[in-house]
Amino acid sequence: MNAHSSPARVTTAAPSEPSAAALAFRGAMRKLAGAVSVLTVGAGESRTGLTATSVSSLSVEPPTLLICVNRSSSSMAALTTHRSFAINVLRPHHQPLADQFAGKGGLKGPERYQGAEWTRLETGTPVLADALAAFDCELEEIIERHSHAIVVGRVLASRVTETAEPLLYWAGAYHNLGA
C-alpha cells in the first residue's frame, strides 16, 4: 500500500431477502397439492423424523423412492448414521402427528412419536401402524443440491391401508379429499 491508496474495505453480506423469482416460485409451488408423509429414522432415544410432501416414486424395479430433505434438518445426521428410514403416508386423522413431526409445539427427537402406535417392518425403523401406506427403506444414496438433499431409498418392505384416504397439503394448509 502506498500513501495514495486507500485501505481495503471489508464488507459482510447481510442475509438477503428472497428474490422476486424465488417468491414467485414459492407461490407457484403452493398450488401443487401433495400427500403429507412423515419420514421416521433411528431407534430408541435416537429416533427422530420430519414431515414432508416431497416424496416420489423413483423406480419400480428395484422398488425405490426419493424424498427431499433440508440439509440443515436434524434428521440428516440420523439418516447417515442409521442408513435406513421409513416413509409413512398420513391419513386425515394424523394431522396432529404431521404438526409434531414438523416441529410445531417444540417437540424434538423421540417426543415426536407420542400419541401414535408404531410397529416395524424389515429394517426395524418405526412405521406408523395405521398409515395409509408405509415404505421401509434402506438408504441408497444422498445427493446434495443447494439447500436440500435428495435422499434415495431402496424399498425393502411396504404396506397399505386399502380403504383410507390421504391427508393433503395445498396452499399452505391441510386438506382431505372428501372435504
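Residues numbered from 1 in each chain as written. Predicted model: local features only at pLDDT ≥ 70, side-chain atom pairs only at ≥ 80, totals over all residues. Heavy atoms only, no water.

Visitor: So what's going on with the overall build of the protein chain? Which residues, and what values?
Guide: Of regular secondary structure, the protein chain possesses 3 helices and 12 strands. For 179 residues, the compact-globule estimate of 2.2 N^0.38 gives 16 Å, and the C-alpha radius of gyration of the protein chain, at 20 Å, exceeds that figure by more than 25%. Judged by the C-alpha coordinates and their principal axes, the protein chain covers about 80 × 40 × 35 Å. The buried share of the protein chain, reckoned over its 179 residues, is 34%. Taking contacts inside the protein chain between residues at least 6 apart in sequence as the whole, the part at least 24 apart equals 63%. As displayed, the protein chain offers around 10,600 Å² of accessible surface, 54% of which is attributable to carbon and sulfur atoms. Averaging the locations of the 15 positively and 15 negatively charged side chains of the protein chain gives two centres separated by 10 Å. (Helix = DSSP H or I, 4+ residues; strand = E, 2+ residues; numbered from the N terminus. Rg over C-alpha atoms; globule rule 2.2 N^0.38 Å. Buried < 20%, exposed > 50% of the residue type's maximum accessible area, 1.4 Å probe, protein only. Contact = heavy atoms within 4.5 Å. Areas by Shrake-Rupley, 256 points an atom, 1.4 Å probe, with all protein chains shown as cover. Lys, Arg positive; Asp, Glu negative; His and termini not counted. Charge placed at Lys NZ, Arg CZ, Asp CG, Glu CD.)

Visitor: Tell me what's going on with the nonpolar core, and back it up with residues and numbers.
Guide: Counting 17 residues, the largest nonpolar core has Leu39, Ile67, Leu79, Phe85 and Val151 as the members making the most contacts within it. Contributions of two or more residues to this core are made by strand E2 (37–41), strand E3 (48–52), strand E5 (64–70), helix H2 (75–82), strand E6 (84–89), strand E9 (133–145) and strand E10 (148–160). In this structure, Val38, Tyr113, Val127 and Ala131 belong to the second largest nonpolar core, which totals 15 residues. (Core = buried A, V, L, I, M, F, W, Y, C linked by side-chain atoms within 4.5 Å.)

Visitor: Give a detailed account of the side chain of Asp136, specifying residues and quantitative values.
Guide: Checked against the element boundaries, Asp136 lands in strand E9. Despite its burial, Asp136 remains without a salt bridge, the nearest opposite charge being carried by Arg120 at 8.9 Å. Polar contacts involving the side chain of Asp136 include one to the side chain of Thr123, which spans 2.5 Å. With near-sequence residues (within four places) excluded, Asp136 lies in contact with Phe85, Ala86, Leu121, Glu122, Thr123, Gly124, Thr125, Arg154, Val155, Leu156 and Ala157. (Salt bridge = Lys/Arg side-chain N within 4 Å of Asp/Glu carboxyl O. Polar contact = N/O pair within 3.5 Å; in protein donor to acceptor, adjacent residues only side chain to side chain.)

Visitor: I'd like a description of unusual backbone geometry, backed by residues and values.
Guide: Residues Glu61 and Pro62 are joined by a peptide bond in cis, for which omega reads 0°. Positive phi is not limited to glycine here, since Arg83 has a value of about 65°. Looking at the secondary structure, you find Arg83 in the loop between H2 and E6. Looking at Arg83, the relative accessible area reads 42%, which means it is partly exposed.

Visitor: Talk me through the packing of aromatic side chains; I want residue IDs and the actual numbers.
Guide: The full count for this structure, using the stated rule, is 4 aromatic pairs. Aromatic pair Phe101 and Tyr113: ring centres 5.1 Å apart, planes at 75°, arrangement edge-to-face. With Phe101 in helix H3 (residues 95–101) and Tyr113 in the loop between H3 and strand E7 (118–120), the pair connects residues that are 12 residues apart, well separated along the chain. One exposure class covers both Phe101 and Tyr113, and it is buried. With a centroid separation of 6.0 Å and an interplanar angle of 55°, the aromatic rings of Phe101 and Trp118 are classed as tilted. One end of the pair, Phe101, is in helix H3; the other, Trp118, is in strand E7, with 17 residues separating them in the sequence. (Phe/Tyr/Trp six-rings, centres within 6.5 Å; stacked < 30°, edge-to-face > 60°.)

Visitor: Lay out the environment of Pro166 with the relevant residues and their values.
Guide: Along the chain, the position of Pro166 falls in the loop between E10 and strand E11 (167–170). Taking the C-alpha atoms as reference, Pro166 lies 25 Å from Lys108; in sequence the two are 58 residues apart. Residue contacts for Pro166: discarding those within four places in its chain leaves Leu90, Arg91, Pro92, Leu132, His175, Asn176 and Leu177.

Visitor: Explain the sheet that holds E2 to me, and be specific about the residues and the numbers.
Guide: Read across the open sheet, the 7 strands follow the order E3-E2-E6-E9-E10-E5-E4; overall the sheet is antiparallel. Whereas interior strands pair on both sides, the edge strands pair on one side only; in this sheet they are E3 and strand E4 (55–59). On average, each strand axis in the sheet is inclined to that of its neighbour by 35°, with strand direction left out of account. Inspection of the sheet shows E2 paired to E6 by 4 bridges, in the antiparallel sense. Paired with Thr40 across the bridge in E6 is Ala86. Each of E2, E3, E5, E6, E9 and E10 is contacted by H2, which is oriented at about 55° to E2, the strand it contacts most. (Pairing = 2+ DSSP bridges. Axes fitted to C-alpha atoms, helices over the stretch in contact; angles between N-to-C directions.)

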